[in-house]
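Observations on chain architecture
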Amino acid sequence: MTQVSMSTLISGARSGQLVSFPTDTVPALAVRPDCSELVFAAKQRSQAKPLILMGDSAESLLPYISGTVQELEIWQRVAKQYWPGALTLVLPASAKVPAAMNPTDPTTIGIRVPNSEIAIAILSETGPLATTSANRSGELPLQTIAEIEAQFPEVLTLQTTELEAVKPVTTGVPSTVAKWTQGRWEILRQGAVQLEG
């Protein structure tokens with residue numbers, strides 16, 4: 001049984017343990033960015049599928065991206081319009097991003113701020129975390145704590161009492177993924193958000 005209090009989950013995440021918490025899309029499997037290999041191992045995930053860096057605000061994610069002043073202005077304008085929300089932006093990565101987050105292309109990083117009070121509360125204490133959906137690679141995202149516990153017994157999840165207090169809203173629809181390519185957005189995955197070019 002790995003259901004823990006919010007404070008224990010936060011300290012576990014800070015110390016490099018795998019954790020899971022609700023977001024606005026699907027429940028996340030998360031870890032400190034420098035411990036990203038733990039997610040790949042737990043999910044049996046291909047190294048070709050990068051993780052998403054999730055933060056509590058656009059400001060917390062800025063150190064992880066690099067671009068021109070003009071590009072940063074464009075990206076921040078989009079972030080302001082859609083965040084918090086179900087939009088992942090794939091942008092050029094700064095040297096601060098561990099290569100383990102995106103082993104096959106460490107030059108880019110997907111970033112997102114979830115529209116979830118409980119996720120933001122956790123991320124505001126842990127700092128940005130490397131995340132992905134809670135499921136084995138190639139299978140459907142798990143939706144409940146019981147399912148997550150059964151498949152990932154080593155992962156820290158929140159006690160049901162903690163969840164009942166906030167009643168997180170999870171749509172079950174993954175985020176839209178948009179990559180900045182040659183001065184425009186390329187939609188890699190259409191999800192909940194319709195991004196206007």
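This text gives an overview of the structure that appears in the document.

**What about the layout of surface pockets?**
When its volume is computed, the largest pocket comes out at roughly 730 Å³. Secondary structure elements with two or more residues in the lining of the largest pocket: strand S4 (52-54), strand S5 (87-92), strand S6 (108-112), strand S7 (129-133), strand S9 (176-181) and strand S10 (184-189). When residues in the lining of the largest pocket are grouped by element, the largest group, four residues, is from S6. Grouping the amino acids of the lining of the largest pocket by side-chain chemistry returns 14 nonpolar, 14 polar and nine charged. Space inside the second largest pocket adds up to approximately 160 Å³. Surrounding the second largest pocket, Asp56, Ser57, Ala58, Glu59, Gln76, Ala79, Lys80, Trp83, Pro84, Val113 and Ile120 form its lining.

**Focus on the sheet that holds S9**
If you walk across this open sheet you meet the eight strands as S2-S3-S7-S4-S6-S5-S9-S10, and the pairing is mixed. Looking at the sheet topology across the chains shown, the edges are occupied by strand S2 (19-21) and S10. Averaged over all neighbouring strand pairs, the angle between strand axes comes to 35 degrees, with direction disregarded. Pairing of S9 with S10 involves five bridges; the strand directions are antiparallel. The residue bridging Lys179 from the neighbouring strand is Glu186, located in S10. Along the sheet face, helix H5 (residues 117-126) touches S2, S4 and S7 and points at about 145 degrees away from the line of S2.

**Quick notes on the pairing of S9**
Here S5 pairs with S9 via four bridges, running parallel. Each bridged residue has a counterpart across the sheet, and for Val90 the counterpart in S9 is Lys179. Counting the residues in the hairpin turn of S9 and S10 gives two residues, including Gln182, whose phi is positive at 50 degrees.

**A short note on unusual backbone geometry**
A cis amide bond, omega -5 degrees, links Trp83 with the succeeding residue Pro84. As for its position among the elements, Pro84 is in the loop between helix H4 (69-82) and S5. Backbone geometry at Gln44 places phi at a positive 55 degrees, although glycine is not the residue there. Tracing the sequence through the fold places Gln44 in the loop between helix H2 (37-43) and S4. For Gln44, a relative accessible area of 59% corresponds to the exposed category. Unusually for a residue other than glycine, Gln182 sits at a positive phi of about 50 degrees. With respect to the helices, strands and loops of the structure, Gln182 is situated in the loop between S9 and S10. Judged by relative accessible area, Gln182 falls into the exposed class, the value being 80%.

**Describing H4**
Relative to the 20 Å expected for 14 residues at 1.5 Å per residue, H4 spans 20 Å between its end C-alpha atoms, a close match to the ideal helical length. Every buried residue of H4 is listed here: Trp75, Val78, Ala79 and Tyr82. Buried residues of H4 fall within an arc of 100 degrees about the axis and therefore sit on the same side. Residues of H4 that are exposed and angled more than 90 degrees away from the buried face: Val69, Gln70, Arg77, Lys80 and Gln81. Contacts made by the buried residues of H4 are with helix H3 (58-61), S5, S9 and S10.

**Details of the side chain of Thr108**
Examined against the element boundaries, Thr108 turns out to sit in strand S6. On the basis of relative accessible area, Thr108 is assigned to the buried category, the value being 12%. Of note is the side chain of Thr108, whose polar atom sits 3.2 Å from the side chain of Asn102. Setting aside residues no more than four positions away along its own chain, Thr108 makes contact with Val90, Leu91, Pro92, Ala93, Asn102 and Lys179.

Conventions we followed
Residues numbered from 1 in each chain as written. Predicted model: local features only at pLDDT ≥ 70, side-chain atom pairs only at ≥ 80, totals over all residues. Heavy atoms only, no water. 1 Å grid on protein atoms, 1.4 Å probe; cavity = no way out; pocket = protein on both sides within 12 Å on 5 of 7 lines; lining within 4 Å. Points joined across faces, edges and corners; volume = space filled by probe spheres on them. Helix = DSSP H or I, 4+ residues; strand = E, 2+ residues; numbered from the N terminus. Nonpolar A, V, L, I, M, F, W, Y, C, P; charged D, E, K, R; others polar. Pairing = 2+ DSSP bridges. Axes fitted to C-alpha atoms, helices over the stretch in contact; angles between N-to-C directions. Contact = heavy atoms within 4.5 Å. Buried < 20%, exposed > 50% of the residue type's maximum accessible area, 1.4 Å probe, protein only. Expected span 1.5 Å × (residues − 1). Arc of directions from axis to C-beta. Polar contact = N/O pair within 3.5 Å; in protein donor to acceptor, adjacent residues only side chain to side chain.

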